Amino acid sequence: MTYKNPVIRGYHPDPSICRANGKYFLVTSSFQFFPGVTLFESDDLVNWRQIGYCLTRESQLPLDNTGSSGGIYAPTIRFNGGRFYMVTTNVGHERGGNFYVWTDDIYGEWSEPVFVEQGGIDPSLYFENGRAYFMSNGTDTDGRNVILQCEIDIVTGKKLSESKPLWHGTGGRYLEAPHMYKIGKYYYLMAAEGGTEYGHMITYARSDNLWGPFVPYAGNPVITNRNLGGYELQGIGHGDLLQDEKGNWWIYALGFRQIHKWMTYHHLGRETCLIPVTFNEDAWFTAGDGTALLTVETNRIAQTVVQQFQNEFTFANTRWNREWQFMRSHRKENYFFGEDCLKIKSSGDTLDVPAGNPAFIGLHQKEFNMDLSVKVKTLDGEAGVTVYMDENHHYDLALIKSNDAYKVILRLNIGDIKHERASVSVAHNEARLLIRSDAINYSFGCAIDGKETILGTAQTKYLSSEVAGGFTGVILGLYSQGGGMLLFNEFTDFMCKYLV
Ligand code: 6LW
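Everything in this summary refers to the structure shown in the same document. (Residues numbered from 1 in each chain as written. Predicted model: local features only at pLDDT ≥ 70, side-chain atom pairs only at ≥ 80, totals over all residues. Heavy atoms only, no water.)

### Considering the sheet that holds strand S33 (residues 405-414)
By way of backbone hydrogen bonds, the strands of a sheet pair with one another, either parallel or antiparallel. Here we have 6 strands laid out as an open sheet, ordered S29-S38-S31-S32-S33-S34, and antiparallel in their pairing. A single partner strand is all that each edge strand has here, and the edge strands are strand S29 (359-364) and strand S34 (417-426). Neighbouring strand axes in the sheet, compared pairwise and without regard to direction, differ in orientation by 20 degrees on average. Sheet topology places strand S31 (residues 382-390) next to strand S38 (residues 475-481); 7 bridges connect them, and they run antiparallel. The residue bridging Gly 384 from the neighbouring strand is Tyr 479, located in S38. (Pairing = 2+ DSSP bridges. Helix = DSSP H or I, 4+ residues; strand = E, 2+ residues; numbered from the N terminus. Axes fitted to C-alpha atoms, helices over the stretch in contact; angles between N-to-C directions.)

### A look at unusual backbone geometry
With an omega of -5 degrees, the peptide bond running from Asn 5 to Pro 6 counts as cis. If you trace the backbone, Pro 6 turns up in the loop between strand S1 (2-4) and strand S2 (16-20). Geometrically, the link from Gly 212 to Pro 213 is a cis peptide bond, its omega value of 5 degrees lying close to zero. For Pro 213, the position within the fold is in the loop between strand S18 (201-207) and strand S19 (215-216). Located in the positive-phi region is Asp 449, a residue other than glycine, with phi close to 50 degrees.

### Overview of the site of the ligand
Taken together, Asp 14, Phe 31, Tyr 73, Ala 74, Ile 121, Asp 122, Glu 176, Thr 196, His 238, Arg 270 and Phe 471 form the complete shell of residues around the ligand. Backbone polar atom of Ala 74 to an oxygen atom of the ligand: 3.2 Å apart, as the coordinates give it. A distance of 2.7 Å separates an oxygen atom of the ligand from a polar atom in the side chain of Arg 270. Among the residues forming the shell around the ligand, the class breakdown is 5 nonpolar, 2 polar and 4 charged. (Near = heavy atom within 4 Å. Polar contact = N/O pair within 3.5 Å; in protein donor to acceptor, adjacent residues only side chain to side chain. Nonpolar A, V, L, I, M, F, W, Y, C, P; charged D, E, K, R; others polar.)

### Focus: the packing of aromatic side chains
Applying the stated criterion to the full structure yields 42 aromatic pairs. On the numbers, 6.2 Å between centres and 55 degrees between planes, the contact of Tyr 11 with Phe 33 is tilted. Taken together, the positions of Tyr 11 in the loop between S1 and S2 and Phe 33 in strand S4 (residues 33-34) put the pair 22 residues apart, joining distant regions of the chain. Each member of the pair, Tyr 11 as well as Phe 33, carries the same accessibility label: buried. Between Tyr 204 and Phe 285, the aromatic rings sit 3.8 Å apart at their centres with planes inclined by 5 degrees, giving stacked as the arrangement. Remark: Phe 285 occurs in strand S23 (residues 285-287) and Tyr 204 occurs in strand S18; sequence separation between them is 81 residues. There is no split in this pair, since Tyr 204 and Phe 285 are both buried. Sitting over the ring of Trp 284, Arg 206 keeps its end group 3.7 Å from the ring centre. (Phe/Tyr/Trp six-rings, centres within 6.5 Å; stacked < 30°, edge-to-face > 60°. Buried < 20%, exposed > 50% of the residue type's maximum accessible area, 1.4 Å probe, protein only. Lys NZ or Arg CZ within 6 Å of the ring centre and 35° of its normal.)

Now the structure itself:
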């Protein structure tokens, strides 16, 4: 069969995976969006369904005052003794740091956080003979990048050993994303180096002892796309190793899609890719041909398996606590969730407020080619759709009430430039907002009484990670802002269709 990468689309980076109860479960990082640590399941490795989040309570995930691309960094999910554990880092919050939660029901709630007193990011857990080991990246006494490991009491999170250096990597910058595996007689320590952009790579080493010394694979990096010029899929790194039900090995890793083979911009964020892994007779493994490809032919997955992506999202076929996410903290009283309608009342923060809590709920944009439409009824301030990367990089299409007049506006926010690109007066307080996109441009318009008006276009690259920075990707947000924060603005008949 043939599958296409990414296997999970839209910004879902830093994947970690485990196998349990005949299924596969995968988690990805979520940064300043709430709920946090997106959770997926699959039966066949290539078709993934989001089943919710690991962090669904403020007590697990405080995000107030967390900057864009702060919050939840890379997670790790592991299954041990019939219990799921998810360990991650909350970056930039006074109640942050490295912590894990656990559950005995993957479809239910997770525990309160258990913190571990070891620093760094990209924590991982390894279990053996009833003992638990915690690792993360860090620096040694000489300031060199290193992977650190300690033994912990998995009930309390208390350290039972000092944090000891395991491996300094192969010399690439930003040594991170460590994971430990016992396969046969060896311990394998896999990590990412090079940084999560175009130099990203996965490296590994092995030892016959859990504490090393670790001998690096002679063929490192085992996978990278840094040498693939003119190839849309880039940034491959930050992976987790999986043995499937049939005994085959795979790596799930992050990667991103450039908007064109020669245009090094990506605005959908880092996504999750799948690469086949093969062990040789000397117990070293290789991954793919050393690169990750957009299309992969494999006989390891049954021909009967057909990879399918959900390409239509409406209020009726999504769940507010599943595909949708708030930005940082939200006040429940500002939202009303109906079967086929959403009402939002301004929070007082606008989309431009750094570390703000705008009245916003959004979906990750999953494909370049998109056709989005939603009907808005503005009773207070403005109600609209924002194509949002961060507080300084977003395009807003909204119906604004100003005194007793109404207009649809297109506002472009690119770094220091905040520009009302176009506006059209409308006779009353309802309009259908329309956004179409391809890899290069967004096009914005509105329909009043069935008559469409185009307000303008804006390039995708100005919302890209290369321009905005950060670790997320574009979120398509429905929002209210301005006005007297008294009345709810209404959204109905929402449709986001991807044209793949
Ligand atoms: C992630 C780390 C990284 O924790 O970025 O650049 C962080 N690499 O592995 C956020 O994705």
